[in-house]
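Here are the chains, one letter per residue:
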Amino acid sequence: MIHKTWQESKALKKVKCVHTNAAKYMVDRALTAGKEYDVQNETEEFYFVIDNTGKVGGYYKDYFEIVPN
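Summarised in this report is the structure supplied together with it. (Residues numbered from 1 in each chain as written. Predicted model: local features only at pLDDT ≥ 70, side-chain atom pairs only at ≥ 80, totals over all residues. Heavy atoms only, no water.)

### Brief notes about the pattern of salt bridges
Part 1 of the reasoning: Per the stated rule, a full pass over the model turns up 3 salt bridges.
Part 2 of the reasoning: Ionic pairing is found between Glu42 and Lys13, a salt bridge with its closest N-O pair at 2.8 Å. Of the two residues, Glu42 sits in strand E2 (residues 36-42) while Lys13 sits in strand E1 (residues 13-17), which places them 29 residues apart along the sequence.
Part 3 of the reasoning: Assessed through its relative accessible area of 26%, Lys13 is described here as partly exposed.
Part 4 of the reasoning: Residues Lys14 and Asp38 are paired through a salt bridge, measuring 2.8 Å at the closest nitrogen-oxygen approach. Separated by 24 residues along the polypeptide, Lys14 in strand E1 and Asp38 in strand E2 bring together distant segments of the chain.
Part 5 of the reasoning: The class of Lys14 is partly exposed, set by a relative accessible area of 35%.
Part 6 of the reasoning: For Asp38, a relative accessible area of 28% translates into the label partly exposed.
Part 7 of the reasoning: In the salt-bridge network here, residues are joined through shared partners; they are Lys13, Glu42 and Lys61. (Salt bridge = Lys/Arg side-chain N within 4 Å of Asp/Glu carboxyl O. Helix = DSSP H or I, 4+ residues; strand = E, 2+ residues; numbered from the N terminus. Buried < 20%, exposed > 50% of the residue type's maximum accessible area, 1.4 Å probe, protein only.)

Right, dumping it as structure tokens:
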């Protein structure tokens, strides 16, 4: 049930959205190309970020690049 605290927890890192060209889903409603997002959790395939809706959403890693500190 760790997912219930993701929104309040400290971000693991920052990522920058490089594109919103999705083959299946309409991610341009929740992500903006060029904007930086806080990563709340990640798996092998997904980043879970606080998106434009203000909620945590899971997105494929190929939409992002890691922002150097």
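### Considerations on the pairing of E1
Part 1 of the reasoning: With 4 bridges joining them, E1 and E2 adopt antiparallel strand pairing. The residue bridging Lys14 from the neighbouring strand is Asp38, located in E2. (Pairing = 2+ DSSP bridges.)

### Overview of the nonpolar core
Part 1 of the reasoning: Counting 12 residues, the largest nonpolar core is built from Val15, Cys17, Val27, Ala30, Leu31, Tyr37, Val39, Tyr47, Val49, Tyr59, Tyr63 and Phe64.
Part 2 of the reasoning: Listing elements by their share of this core, those giving two or more residues are E1, E2 and strand E3 (46-50).
Part 3 of the reasoning: Ignoring sequence-local partners within four residues, the contact set of Val39 consists of Ala11, Leu12, Lys13, Val15, Tyr47, Phe48 and Val49. (Core = buried A, V, L, I, M, F, W, Y, C linked by side-chain atoms within 4.5 Å. Contact = heavy atoms within 4.5 Å.)

### A few points about the packing of aromatic side chains
Part 1 of the reasoning: Counted under the stated rule, the structure contains 5 aromatic pairs.
Part 2 of the reasoning: Each ring, one from Phe46 and one from Phe48, has its centre 6.4 Å from the other, and the planes form 45 degrees; the classification is tilted.
Part 3 of the reasoning: Residue classification places Phe46 among the partly exposed positions, given a relative accessible area of 25%. (Phe/Tyr/Trp six-rings, centres within 6.5 Å; stacked < 30°, edge-to-face > 60°.)

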